[in-house]
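# Chain and residue survey
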Protein chains: 2
Amino acid sequence: DLSWVRPVLCCGHAHTRTLHCLPFSRRAAVVISGTELARQIQREIQRDVEELVAQGNMRPHLGVVLVGEDPASRTYVKNKTRAASILGISSDTVVRPSSVSQEELLELIDKMNRDWRVSGLLVQLPLPEHINERAVCNAIAPEKDVDGFHIVNIGKLCLDQRSMVPATPAAVWEIIKRAGIETVGKNVLVAGRSKNVGMPIAMLLHTDRNHERSGGSDATVTIAHRCTPRGQLKELACLADIIVAAAGVPGLITADMVKEGAAVIDVGINRIQDPKTGKVRLIGDVDFDGVKEKAAFITPVPGGVGPMTVSMLMKNTVAAARNAL
Amino acid sequence: DLSWVRPVLCCGHAHTRTLHCLPFSRRAAVVISGTELARQIQREIQRDVEELVAQGNMRPHLGVVLVGEDPASRTYVKNKTRAASILGISSDTVVRPSSVSQEELLELIDKMNRDWRVSGLLVQLPLPEHINERAVCNAIAPEKDVDGFHIVNIGKLCLDQRSMVPATPAAVWEIIKRAGIETVGKNVLVAGRSKNVGMPIAMLLHTDRNHERSGGSDATVTIAHRCTPRGQLKELACLADIIVAAAGVPGLITADMVKEGAAVIDVGINRIQDPKTGKVRLIGDVDFDGVKEKAAFITPVPGGVGPMTVSMLMKNTVAAARNAL
């Protein structure tokens, strides 16, 4: 049985060094390096940006709105603007105190919507409680909405129309595509139904590949969530050719729930304290060590979906700049 | 084993005569009469309309736009306006030739959007090929869009926000609710991924019951479609507590694919010619005679989902009138 010798077959695209060089035995999964794939995408974005600029167009520009002092939000914003800068995308961050009124925020967004120098625009979430996040997401001009949270972009996503796809679902989709994982007619289990991760992933994966949006995967998709009884989750997971774990539950997916040869994409990012060292570390929703012995493909945490998401945001920013031409 | 004696347990609501009086044996499913449920809903709508009018409000009014001479479209429109009239909803149908330009059509819609006498507005589909249906659907004011096809209403549906839900998914959801079929933590198989039936049904059934929109069903939902291999469809169907057949494939769901005690909702409407009589008759996607021996609940075709849809459209029209107050 040579069905496990997958790496040589895994990819229609140029293989990344990581896919090639990983030590793998007949039984261990290909560990898909999101870090490596992200680098590949970053090189493509860089080329794209330089091409745009060489053609005499404005350099793509990302406008970021940051409200309040939340350290996590500040870190996320810094990562995004740093990534932009490395790729040749200019950016500016407008900071407002957490006491900012919704009205002021909407006015600021309106100003940035009308500013032709801003190609893409995002408001870092979460926002203070007195502000309606939905109203803020819907205030961003859909064509500048690089987070893809505007109601029209969500509607378009669900109708298979071209739209800004939120970064995390786009990252999952890009990983599946670039790793050469087959989707047509395959069973997919998405664990998690959040509106910016699980739901759009289910949308991207079940839809027709022959439509306006590049993509669609023609998979049979099951959406499971906190109300799915454990036994049923296992039963459905065992039928899945692809498992996307996006529930935010550490160790939700264990080896006994995975079909031999399945692809397991771990979107979970859970902070846990190591009982021995006391240090905080990141783990996913998948029991990596157990599952990698059974799966054909697996993404690690950290270093899997995470590093891909910022790249997808940058890709949306360049797309917004192109659309504005 | 008394698990088959379901009718007495089936419903949290007042039982309809049909649910009570249907002759059932220990092995035969409760046949859910959509005709009877529709009558029940019509009585509620009638009461609602009379209440609105008695409070001094305008009578709800449905504006219909009909393009061209297609006899099926004419029949659908006639059924809708007749249903409206019976329920005390006034209506008017604006007819345009199939040569109408998209611009003229959009102007007409704009006029009806701004007309305060029009509570709900629908354009009968399909439209001639030279007209972009999506542009037309998006031109209708979302708050008057009783078909629920506007991109914003689809976005809202997918975000669990209050919105106009398209009539067919709303009918399926109403049947499940009124028949007292449990959904929380149950497995649902939706066969069919069309944008106005399968996709929104999957949305309504998998989402959280504790959100803004009344509804959400907390079921684990699988979306299957034409790319789902037959064997996998059967495997997934056998795990389902509820099967919603919306593929447009006569006889797609057979008894061997149905778990004992499942609920089977047949959304298919297929016109076939009887080989013996030569007459055209309607059949669904479910092999009714076979499946009814195994299922606990089943909807017939005709007389199941079909009669419910016009009622749901009328419900949307009254909701639009209420929202405009």
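A quick note: this is a predicted structure, and the numbers were derived from the prediction, not measured. (Residues numbered from 1 in each chain as written. Chains lettered and ligands numbered in written order. Predicted model: local features only at pLDDT ≥ 70, side-chain atom pairs only at ≥ 80, totals over all residues. Heavy atoms only, no water.)

## Regarding the relation of the copies chain B and chain A
- In screw terms, the move from chain B to chain A is a rotation of 180° and a rise of 0.0 Å along the axis, fitting with an RMSD of 0.0 Å. Here the copies are linked by what is in effect a two-fold axis.
- A share of 100% of the interface residues of chain B reappears at the interface of chain A, consistent with the copies meeting face to face through the same patch. (Least-squares fit on C-alpha atoms with pLDDT ≥ 70 in both. Contact = heavy atoms within 4.5 Å.)

## Here's the deal with helix α2 (residues 34-54) of chain A
- Between its first and last C-alpha, α2(A) extends 30 Å over 21 residues, near the 30 Å set by a 1.5 Å rise per residue.
- Looking one or two places after α2(A), you find G56(A), whose phi comes out positive at around 90°. (Helix = DSSP H or I, 4+ residues; strand = E, 2+ residues; numbered from the N terminus. Expected span 1.5 Å × (residues − 1).)

## Points about the state of the cysteines
- Tallied over the full model, the rule gives zero disulfides over all chains.
- Summary of cysteine pairing: C227(B) is not part of a disulfide, and the nearest cysteine sulfur, belonging to C158(A), is at 19 Å. (Disulfide = S-S within 2.5 Å.)

## Topic: the UniProt feature "domain: Tetrahydrofolate dehydrogenase/cyclohydrolase catalytic" (unreviewed entry) in chain A
- When the UniProt feature table is mapped to this numbering, "domain: Tetrahydrofolate dehydrogenase/cyclohydrolase catalytic" (unreviewed entry) covers residues 32-147 of chain A.
- The distance from the first to the last C-alpha atom of residues 32-147 of chain A is 24 Å, and the span holds 50% helix and 16% strand. (UniProt positions renumbered as here; feature names shortened; annotations may be inferred.)

## Side note on the packing of α2(A) against helix α7 (residues 167-178) of chain A
All names here are of chain A.
- It is at 11 Å that the axes of α2 and α7 come closest, and there the two elements cross at 100°. With respect to α7, the element α2 is oriented roughly perpendicular. On α7, the residues that touch L37, Q40, I41 and E44 of α2 are E174, I175 and R178.
- Considering only residue class, the contact of α2 with α7 consists of three nonpolar, one polar and three charged. (Axes fitted to C-alpha atoms, helices over the stretch in contact; angles between N-to-C directions. Parallel < 35°, antiparallel > 145°, perpendicular 65-115°, else oblique. Nonpolar A, V, L, I, M, F, W, Y, C, P; charged D, E, K, R; others polar.)

## A look at the sheet that holds strand β3 (residues 90-96) of chain A
Residue and element names in this part refer to chain A.
- The parallel open sheet is built from three strands, whose spatial order is β3-β2-β4. Two strands in the sheet have a free side with no partner beyond their single neighbour: β3 and β4 (120-123). Across the sheet, the axes of successive neighbouring strands diverge by a mean angle of 15°, strand direction being ignored.
- Pairing geometry for strand β2 (residues 61-67) and β4, over four bridges, is parallel. Bridge pairing in β4 places L62 opposite G120.
- On top of the sheet, helix α4 (residues 102-114) reaches β2, β3 and β4; it is set at about 175° to β2, its chief contact. (Pairing = 2+ DSSP bridges.)

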